[in-house]
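Spelled out, the chains give:
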Amino acid sequence: MDGSSRSAEHVALFRALETSRRRDRLFSDRLATRMLSPRYRAVVAASRLPPVHRWIERYIDTRYAGGPRASAVVRTRLIDDLVRAALDGGARQLVLLGAGFDNRVHRIAAPVAFEVDHPATQATKRRRVPAALAGRARFVPVDLAADALGPALLAAGFDPAAPAVVVWEGVTNYLTAEAVDATLRALAALLEAGGRIVFTYVDRAALDGIGGFAGVAEWHDAVRRGGEPWTFGFDPAELPGYLAERGLRLAEDVTTRDAAARYLAPLGRDEPTAAFYRVAVADA
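## Comments concerning the overall build of the chain
For step 1, the next point in the chain: In terms of regular secondary structure, the chain is built from 11 helices and 7 strands.
For step 2, the next point in the chain: For 284 residues, the compact-globule estimate of 2.2 N^0.38 gives 19 Å, and the C-alpha radius of gyration of the chain, at 18 Å, lies within 12% of that figure.
For step 3, the next point in the chain: Projecting the C-alpha coordinates of the chain onto the three principal axes gives extents of approximately 50 × 50 × 35 Å.
For step 4, the next point in the chain: In the chain, once contacts between residues fewer than 6 apart in sequence are set aside, the share between residues at least 24 apart is 75%.
For step 5, the next point in the chain: Within the structure as shown, the chain displays about 12000 Å² of accessible surface, and the carbon and sulfur contribution to it stands at 53%.
For step 6, the next point in the chain: The chain carries 38 positive and 34 negative side-chain charges, and their two centres are separated by 9 Å.

## Quick word on the pairing of strand 3 (residues 138-141)
Here is the key point about a regular strand: its side chains alternate between the two faces of the sheet.
For step 1, the next point in the chain: When strand 2 (residues 112-117) meets strand 3, the two strands line up parallel, connected through 4 bridges. Within strand 3, the position partnered with V116 by the bridge is V140.
For step 2, the next point in the chain: On the question of chirality, the crossover connecting strand 2 to the parallel strand 3 by way of helix 5 (residues 119-128) is right-handed.

## Notes on the environment of F276
For step 1, the next point in the chain: Here F276 lies in the loop between helix 11 (256-263) and strand 7 (277-283).
For step 2, the next point in the chain: Residues F276 and A137, spaced 139 residues apart in sequence, show a C-alpha to C-alpha distance of 32 Å.
For step 3, the next point in the chain: If we skip the residues at most four places from it in the chain, F276 touches Y201, V202, D203, A206, F213, A214, V216, W219 and W230.

## Details of the packing of helix 4 (residues 68-88) against helix 11
For step 1, the next point in the chain: The N-to-C vectors of helix 4 and helix 11 enclose an angle of 75°; their axes lie 9 Å apart at closest approach. The angle between the axes of helix 4 and helix 11 places the two elements in the roughly perpendicular class. Residue-level contacts link S71, V74, R75, R77, L78 and D81 of helix 4 to T256, A259, A260, R262 and Y263 of helix 11.
For step 2, the next point in the chain: Within the contact of helix 4 with helix 11, the residues separate by chemical class into 5 nonpolar, 2 polar and 4 charged.

Reading guide: rules and limits
- In this convention, every chain numbers its residues from 1, walking through the sequence in written order.
- Owing to the predicted nature of the model, reporting of local features is limited to residues with pLDDT of at least 70; listing and counting of side-chain atom pairs is limited to 80 or more, with chain, interface and lining totals taken over all residues.
- As a rule here, side-chain values cover all heavy atoms of the structure and leave hydrogens and water aside.
- Each helix corresponds to a stretch of at least 4 residues labelled H or I by DSSP, and each strand to a stretch of at least 2 residues labelled E; elements are numbered beginning at the N terminus.
- The globule rule is 2.2 Å times the number of residues to the power 0.38, and the radius of gyration it is compared with is taken over C-alpha atoms.
- Two residues qualify as a contact provided that any one of their heavy atoms is within 4.5 Å of a heavy atom in the partner residue.
- Values of accessible area rely on a 1.4 Å probe in the Shrake-Rupley scheme; residue burial ignores everything except the protein chains shown.
- Positive residues here are Lys and Arg, negative ones are Asp and Glu, while His and the chain termini are left out of the count.
- We put the charge of a Lys on NZ, of an Arg on CZ, of an Asp on CG and of a Glu on CD.
- One bridge is not enough; two strands pair if DSSP finds at least two bridges between them.
- Handedness of a crossover is defined as follows: with both strands directed away from the viewer, a clockwise route from the first strand across the helix to the second makes it right-handed.
- To obtain each axis, a line is fitted to C-alpha atoms, and for helices this fit is confined to the stretch in contact; angles are then taken between N-to-C directions over 0 to 180 degrees.
- When describing relative orientation, an angle under 35 degrees is termed roughly parallel and one over 145 degrees roughly antiparallel, while 65 to 115 degrees is termed roughly perpendicular and anything else oblique.
- Ten residues, namely Ala, Val, Leu, Ile, Met, Phe, Trp, Tyr, Cys and Pro, are considered nonpolar, four, namely Asp, Glu, Lys and Arg, are considered charged, and the remaining ones, Gly among them, are considered polar.

Set out below in structure tokens:
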């Protein structure tokens, strides 16, 4: 993958599989397959046959305990809904922070959109986005573990006077506590005119091994083998105070299992999701 993130490719695979469903899909990400390596593209192509699709999903859900596939699917739909609500409510800028192979800017229209990510992953993505669509986002290469976020966004044209919605999906659990702190403080300073940050995190009890969460050890082992171990988590009980100290207010905090009850259950889809993977919303 040219040095780009393996976890980003896996999430793109899960989104591509969801898109290939013939019915009861939660969203459509037509570019997800373009983000994949040839072997994963072949998996998606085979999944267009319903019996094969069902087998592939069962295989992933059985082999990778904890529900990473369905958790990624429901968090994608939940965040899509939150972004649309923010834009409908007056946000004029969309920032995908640690964008990976996220294609939201191609399915959710925003007046101005920025994609911020590690240069290696971003370079791979830019090669795979069709040239006709490349202008929908301003690409901002930033390594959140080492680079200053604020100056890079401002240099790319981010307007602190215009309300913005920031999506920080699937990233915090791969950073240090210092990097998470610096990023949230930078965002709080940038969102002076009001704005919203939608971010995901892993319950700290899952990392500490004291939460009793099913499948967490297997999921963590899988990402560790891929060279991207989890390194950070929040205690949900401490999150409101943590954000308040940085000038932010917690507006919502749900698990991907909660999101599954909201989106999958009404469709009759009973698929494993994680009680330790969470989606939070913070307002500036």
